[in-house]
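# Tertiary structure, described
Chain by chain, the residues:
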Amino acid sequence: MEECLFCKWQNKKEKIILENELAFAMFDEFAVSRGHILFMTKRHVKDFFDTSKEERVAIFELIDKAKEMIDKKYFPNGYNIGMNCGVAAGQSVMHIHVHLIPRYDGDVENPRGGVRGVIPEKQNY
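Every chain begins its residue count from 1, and numbering advances along the sequence as written. In keeping with the model being predicted, local features are shown solely for residues with a pLDDT of at least 70 and side-chain atom pairs are shown and tallied solely at 80 or more, while totals for entire chains, interfaces and linings include all residues. The basis for the side-chain values is all heavy atoms of the structure; hydrogens and waters are excluded.

### Thoughts on the environment of Met 69
The test is simple: In this text, helices come from DSSP runs of H or I with a minimum length of four residues, and strands from runs of E with a minimum of two, each type numbered from the N-terminal end. Burial classes follow relative accessibility: with a 1.4 Å probe on protein chains only, a residue under 20% of its type's maximum area counts as buried, one over 50% as exposed, and anything between as partly exposed. Residues count as neighbours in contact if any of their non-hydrogen atoms are within 4.5 Å of one another.
Examined against the element boundaries, Met 69 turns out to sit in helix H2 (residues 53–74). Residue Met 69 is classed as partly exposed on the basis of its relative accessible area of 30%. In the structure, Met 69 is positioned 60 residues away from Trp 9 in sequence and 21 Å away in space, judged by C-alpha atoms. Not counting chain neighbours up to four residues away, the residues in contact with Met 69 comprise Ile 17, Phe 27 and Ile 37.

### Some words on the side chain of His 36
Note the following rule: Nitrogen and oxygen atoms within 3.5 Å of one another constitute a polar contact, given that in protein one can donate a hydrogen and the other can accept it, and given that sequence-neighbouring residues count only through two side-chain atoms.
Locating His 36 in the fold gives a position in the loop between strand E2 (23–27) and strand E3 (37–41). On the basis of relative accessibility, which here comes to 3%, the residue His 36 falls in the buried class. Here His 99 takes part through its side chain, which lies 2.8 Å from a polar atom of the side chain of His 36. When near neighbours in sequence (up to four residues on either side) are disregarded, His 36 contacts Phe 27, Asp 28, Phe 30, Ala 31, His 99, Leu 100, Ile 101 and Pro 102.

### Notes on the sheet that holds E3
Selection criterion: Pairing between two strands is assigned when DSSP locates at least 2 bridges connecting them. Axis definition: a line fitted to C-alpha atoms, over the contacting stretch in the case of helices. Angles run 0 to 180 degrees between N-to-C directions.
Taken together, the five strands give an open sheet; going across it, the order is E1-E2-E3-E5-E4, and neighbouring strands pair in antiparallel fashion. Two strands in the sheet have a free side with no partner beyond their single neighbour: strand E1 (16–19) and strand E4 (78–82). When strand polarity is set aside, the average angle formed by the axes of neighbouring strands in this sheet is 20°. Note: E4 against strand E5 (residues 97–103), five bridges, orientation antiparallel. The partner of Gly 78 across the bridge, within E5, is Arg 103. Sheet contacts for H2: E1, E2, E3, E4 and E5; angle to E3, the most-contacted strand, approximately 160°.

### Looking at the pattern of salt bridges
What counts, and what does not: Each reported salt bridge corresponds to a side-chain nitrogen of Lys or Arg within 4 Å of a carboxyl oxygen of Asp or Glu.
Here the structure, examined in full by the defined rule, presents six salt bridges. Here Lys 13 makes a salt bridge to Glu 19, at a shortest N to O gap of 3.7 Å. On the basis of relative accessibility, which here comes to 38%, the residue Glu 19 falls in the partly exposed class. The shortest N-O distance in the salt bridge between Lys 15 and Glu 29 comes to 2.9 Å. A residue pair is termed long-range when its members are at least 10 positions apart, and Lys 15 in the loop between helix H1 (5–9) and E1 and Glu 29 in the loop between E2 and E3 qualify at 14 residues. Each of Lys 13, Glu 19 and Lys 42 takes part in salt bridges that share partners, so that together they form one network.

### Some points on the packing of aromatic side chains
Condition: Side-chain rings of Phe, Tyr and Trp, where Trp is taken by its six-membered ring, are said to pair if the distance between their centres is within 6.5 Å; with planes under 30 degrees apart they count as stacked, over 60 as edge-to-face, and otherwise as tilted. By the criterion adopted, a ring carries a charge over it if an Arg CZ or a Lys NZ lies within 6 Å of its centre and within 35 degrees of its normal.
Inspection of every chain in the model, using the stated rule, returns two aromatic pairs. With a centroid separation of 4.9 Å and an interplanar angle of 45°, the aromatic rings of Phe 6 and Trp 9 are classed as tilted. Taken as a pair, Phe 6 and Trp 9 lie in helix H1 at a separation of three residues, close to a single helical turn. By relative accessible area, Phe 6 is classed as buried at 3%. When the ring of Phe 48 is compared with that of Phe 49, the centres are 5.7 Å apart and the planes differ by 80°; the resulting orientation is edge-to-face. Take Phe 49: its relative accessible area is 60%, and that puts it in the exposed class. The lysine or arginine in question, Arg 56, covers the ring of Phe 48, its NZ or CZ lying 4.2 Å from the ring centre. Over the face of the ring belonging to Tyr 125 we find Arg 112, whose NZ or CZ atom lies 4.6 Å from the ring centre.

Treat this as a map of the structure, not an account of what it does.
Next comes the structure, spelled out in structure tokens:
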């Protein structure tokens, strides 16, 4: 089996902005906003449901550190934290990755409903 993209990325030390024993983080190469960061496990697992409790803790420790870093550099007005689990949910790389997306006043016309926007007709309620 060919090594996955995110497994290869963990060897690109110059791109890693945060890491711990079980997880690492990099700026998203297709960022949707300034400061958009991805968090991945070092072990290859398909999605969140395949991670260990320790890996989940490791990811969220890095998310906390990244938020502090983003707050100081970009001053966002909010955040979305999300992950896609399975092709039907939009997962395109079959290796767990969590998005931390800083949000800014005015970045969309109406942010109400947030992550509910994955199904646009269900966003506004």
